[in-house]
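Topology and contacts: notes
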Amino acid sequence: MCSSDLINLKPLFEKRYNKYILKSSQFDRFEFINQKEYDNLNINLTDGIPQLDFFTMSFCEYSNEAEKEINKVKEVLRKAKFVPHYITYVNYSSDGCVEDLCSMHGKQELTQEMREKCAFNLGYDVWFNFSQTSDVMCNQINADKCWFKYNTLYKSTLNKIKTCQEEQGIELLKSDKIFQDKFDVRGSPTLFIDGHKYLGKIEANAIFKEMCKSFDVKPLVCSTDELVSEEVIGRCN
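A brief structural summary.

1. Let's talk about the overall build of the chain
Looking only at helices and strands, the chain has eight helices and 10 strands in total. Counting the 237 residues in the chain, one finds 51% classified as buried. In the chain, the proportion of contacts linking residues at least 24 apart, taken out of those at least 6 apart, comes to 67%. Element-wise, carbon and sulfur atoms account for 48% of the exposed surface of the chain, whose accessible area totals about 11900 Å².

Here's what the structure looks like:
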């Protein structure tokens with residue numbers, strides 16, 4: 001996973017006994033991570049451009065609705081960073097797991113999330129096209145057979161996604177699981193703006209206004225636009 005996929009967590013840690021520990025002022029409990037994990041937490045949020053990290057599930061209807069609202073924001077804040085992360089569980093069920101990672105809605109949701117992470121590695125727009133088509137045409141029962149047949153992306157792009165899933169898919173989800181656990185995320189959708197949990201309405205205009213606050217130099221659109229929104233009510237827990 002490239003560094004642009006990661007949340008900036010470095011300021012939350014201090015070094016003790018050759019390990020890194022979450023500062024007590026940030027969390028109620030101490031948690032240690034190793035050197036490798038710490039080195040990977042290297043996003044620079046001093047660039048004056050907001051980053052929205054959103055935790056989602058491929059076949060949670062509320063997540064799918066939230067992704068549409070988030071995309072409305074992306075369309076007007078093109079310079080901002082938008083990063084999907086997928087929620088998984090350890091030994092959640094006996095039949096919905098790959099290695100020790102499981103998905104709430106079964107194994108085919110888990111493999112679909114691998115593909116969506118691979119699509120994101122090819123660019124946000126590829127990810128949104130791919131995930132939205134899969135949301136409409138496929139489900140947690142048929143995704144493994146459906147996704148390639150009905151997707152409108154170029155076949156060469158789909159082949160890249162397929163290869164990535166086979167070679168990297170589970171590792172991409174394991175990387176997301178690290179951040180999910182550090183932020184104690186269990187339900188979807190859950191959003192963070194520049195590493196801070198977003199507690200407002202899950203709707204395009206509210207997210208847009210909050211992200212505008214994080215620009216060092218606000219785009220003109222932040223002062224002039226109001227986004228047509230439809231609030232997402234509900235979540236998968």
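2. Examining the packing of aromatic side chains
If you walk through the whole model with that rule in mind, you get nine aromatic pairs. Relative to Trp-147, the ring of Phe-130 has its centre 5.8 Å away and its plane inclined at 75°; by these criteria the two rings are edge-to-face. Taken together, the residues span a long stretch of sequence, with Phe-130 in helix α4 (residues 124-137) and Trp-147 in helix α5 (residues 143-150) at a distance of 17 residues. This pair shows no difference in class: Phe-130 is buried, exactly as Trp-147 is.

3. Some words on the sheet that holds strand β6 (residues 89-90)
Judged by pairing direction, the sheet is antiparallel, and its three strands sit side by side in the order β6-β8-β7 without closing on themselves. A single partner strand is all that each edge strand has here, and the edge strands are β6 and β7 (97-98). Note: β6 against strand β8 (residues 101-102), two bridges, orientation antiparallel. Note that in β8 the partner of Val-90 across the bridge is Leu-101.

4. Regarding the state of the cysteines
Using the criterion set out here, one finds five disulfides in the structure. Each disulfide pairs two cysteine sulfurs, and for Cys-97 the partner residue is Cys-102, the sulfurs being separated by 1.9 Å. Where Cys-97 bonds to Cys-102 through sulfur, the torsion about that S-S bond is close to 90°, and the disulfide is right-handed. By the burial criterion, Cys-97 is buried, and Cys-102 matches it. With a sulfur-sulfur separation of 2.1 Å, Cys-118 is cross-linked through a disulfide to Cys-164. Judged by the torsion about the S-S bond (-80°), the Cys-118/Cys-164 disulfide is left-handed.

5. Describing unusual backbone geometry
Cis geometry is found at the peptide bond from Ser-188 to Pro-189, where omega equals 5°. Among the secondary structure elements, Pro-189 is positioned in the loop between α6 (155-182) and β9 (190-193). Notably, Asp-184 is not glycine yet its phi reads approximately 55°, a positive angle. For Asp-194, which is not glycine, the phi torsion reads 50° and is therefore positive. Along the chain, the position of Asp-194 falls in the loop between β9 and β10 (196-197). Among the residues examined, Asp-194 registers a relative accessible area of 18% and is labelled buried.

6. Re the nonpolar core
If you look at the biggest cluster of nonpolar residues, it comprises 33 residues, and the most contacted ones within it are Leu-52, Val-73, Leu-77, Phe-82, Leu-191, Ile-207 and Met-211. Element by element, the count of residues in this core is highest for helix α7 (residues 204-212), at five residues. Non-local contacts of Phe-82, meaning those with residues more than four positions away in its chain, are made with Leu-52, Phe-54, Ile-70, Val-73, Lys-74, Leu-77, Phe-120, Tyr-124 and Met-211. Core analysis: the second largest hydrophobic core is formed by 11 residues, Met-57, Cys-60, Tyr-89 and Val-185 among them.

Thresholds, definitions, all that
- Residues numbered from 1 in each chain as written.
- Predicted model: local features only at pLDDT ≥ 70, side-chain atom pairs only at ≥ 80, totals over all residues.
- Heavy atoms only, no water.
- Helix = DSSP H or I, 4+ residues; strand = E, 2+ residues; numbered from the N terminus.
- Buried < 20%, exposed > 50% of the residue type's maximum accessible area, 1.4 Å probe, protein only.
- Contact = heavy atoms within 4.5 Å.
- Areas by Shrake-Rupley, 256 points an atom, 1.4 Å probe, with all protein chains shown as cover.
- Phe/Tyr/Trp six-rings, centres within 6.5 Å; stacked < 30°, edge-to-face > 60°.
- Pairing = 2+ DSSP bridges.
- Disulfide = S-S within 2.5 Å.
- Core = buried A, V, L, I, M, F, W, Y, C linked by side-chain atoms within 4.5 Å.

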